[in-house]
Amino acid sequence: MRRAIALAERAWGQTHPNPLVGAVIVEDGEIVAEGWHEKAGKPHAEVVALQALGRAPKPGATLYVTLEPCCTQGRTGACTEAILKAGISRVVGGAVDPNPNHAGKGFSILREKGVEVVEGVLAKECTDLNLIFNHWIVNQRPLIAAKIAATLDGKTATRDGESKWITGEQARRDVHRWRRYFPAIAVGSNTVRADNPALTSRLEDTQCGVRFVFDRSLRTVREPLPQIYADEWRENTIIITEMKEAPHRLGLLEKQGVEVWNIAGQDFFTAFKEKCAEMNIAGVYVEGGSSLLGLLIEEQRIDYLFAYRAPIFLADPEALAGLTGLYPSKLKDAPRLQNVVHETFGDDQLMRGNVVYPNPRPAPLV
């Protein structure tokens, strides 16, 4: 199963809105074929592994797969049918399909046809592969994740605004890994004006997904233009605004090929999420700044949090706090993380998990 997880990760960030899935076929205790889902529309991992085998499996062959095999026809055929047709006699699964209409049905179909099924092997690790898919398939809305890098006392910059670098190189490299996982990255206008960020994923190579800028008044559209409106990936940039009467600025953006989503007169973040859903953008990685994160927290819009912590503290009440916007008077009223994962990068730590609000706000009227 660990090998299947490693195979699934080869398509890191490339399968949305589909899940990452890896599969291996084992005969007589040896792996004889492998497969993973490369991207939406391509064969699923189980089918790829069966094709790689290139023959009928031996009696007693076992298929290990990180996610419950699908049992319905989509752009590709049902994997349960492919498994039964091939004659696999045993299936070892990791995570259950989170789709409420499918959960457990794939395993049940296989059992009914005489296949031995073992569930839940490395289930937590297999589930963690698909943070975005798990949210998308249940809610049909993008997963909104926020990232902060803070000191031990929760500060993201000194009182004079210095923030580079709170965390070390290993932690920053992990941020770029998650940038590659999410189909979109978002920042606020203050971050664009102060940092002129590239918002690309820079690992062994440089990649660029969708780049959102929340700028209600188009204050970032000034000459010379920030690099995200002028670089080679500028057509990947989308501004979210309420400004309609700004012909010069809107003209500059149109000339550069930068897209504008004008959502004036609507519930701002609800309209944004609905537009993302319409465009099949299944996840957004929000990197701040503090004003944008504070507003998202205040309106309870953050679904998942990545909190990097460095072994440094400022002990300065005037330093910039990483998270603001809520005023719970009791600990029981404070948001918490669930399904928590802890990781260490050099001297820095990462705590990440789903955000649970104890007193959720009612959904806005649409």
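Up top is the structure.
Everything numeric in this text was worked out from a predicted model, so none of it was measured. Note on numbering: residues in each chain are counted from 1, in written sequence order. The predicted nature of this model means local features are confined to residues of pLDDT at least 70 and side-chain atom pairs, given and counted, to a pLDDT of 80 or more, with totals for whole chains, interfaces and linings taken over all residues. Hydrogens are left out, water is left out, and the side-chain values use all remaining heavy atoms of the structure.

Novice: What is the right way to look at the sheet that holds strand β1 (residues 22-27) in this model?
Specialist: When DSSP finds two or more bridges between two strands, those strands count as paired. By the criteria applied, helices consist of DSSP H or I runs no shorter than four residues and strands consist of E runs no shorter than two, each listed in order from the N terminus. Taking strand neighbours across the sheet as the criterion, the five strands line up as β2-β1-β3-β4-β5 in an open arrangement whose pairing is mixed. Only two strands of the sheet have a single partner each, and these edge strands are β2 (30-36) and β5 (116-118). Taking the axes of each pair of neighbouring strands and ignoring which way they run, one obtains an average angle of 20° across the sheet. The sheet contact formed by strand β4 (residues 90-95) and β5 spans three bridges and is parallel. Every axis corresponds to a line fitted to the C-alpha atoms, with the helix fit spanning only the stretch in contact, and the corresponding angles, defined between N-to-C directions, vary from 0 to 180 degrees.

Novice: Explain the pattern of salt bridges to me, please; I cannot follow it from the model alone.
Specialist: A side chain with one charge can pair with a side chain of the opposite charge if their charged atoms come near. Here a salt bridge means any side-chain nitrogen of Lys or Arg lying within 4 Å of a carboxyl oxygen belonging to Asp or Glu. Tallied over the entire structure, the rule returns 23 salt bridges. A salt bridge links Arg352 to Asp128; the shortest N-O distance between them is 2.6 Å. On the criterion of sequence distance, the pair formed by Arg352 in strand β18 (residues 348-356) and Asp128 in helix α5 (residues 123-128) is long-range, its members being 224 residues apart. Salt-bridge contacts for Arg301 lead to Glu299; the nearest nitrogen and oxygen are separated by 3.6 Å. Under the relative-accessibility criterion, Arg301 is labelled buried at 12%. Relative accessibility under 20% of the residue-type maximum defines a buried residue, over 50% an exposed one, and the middle range a partly exposed one, all with a 1.4 Å probe and only protein chains included. The class of Glu299 is partly exposed, set by a relative accessible area of 26%. Residues participating in the shared-partner salt-bridge network are Glu9, Asp174 and Arg177.

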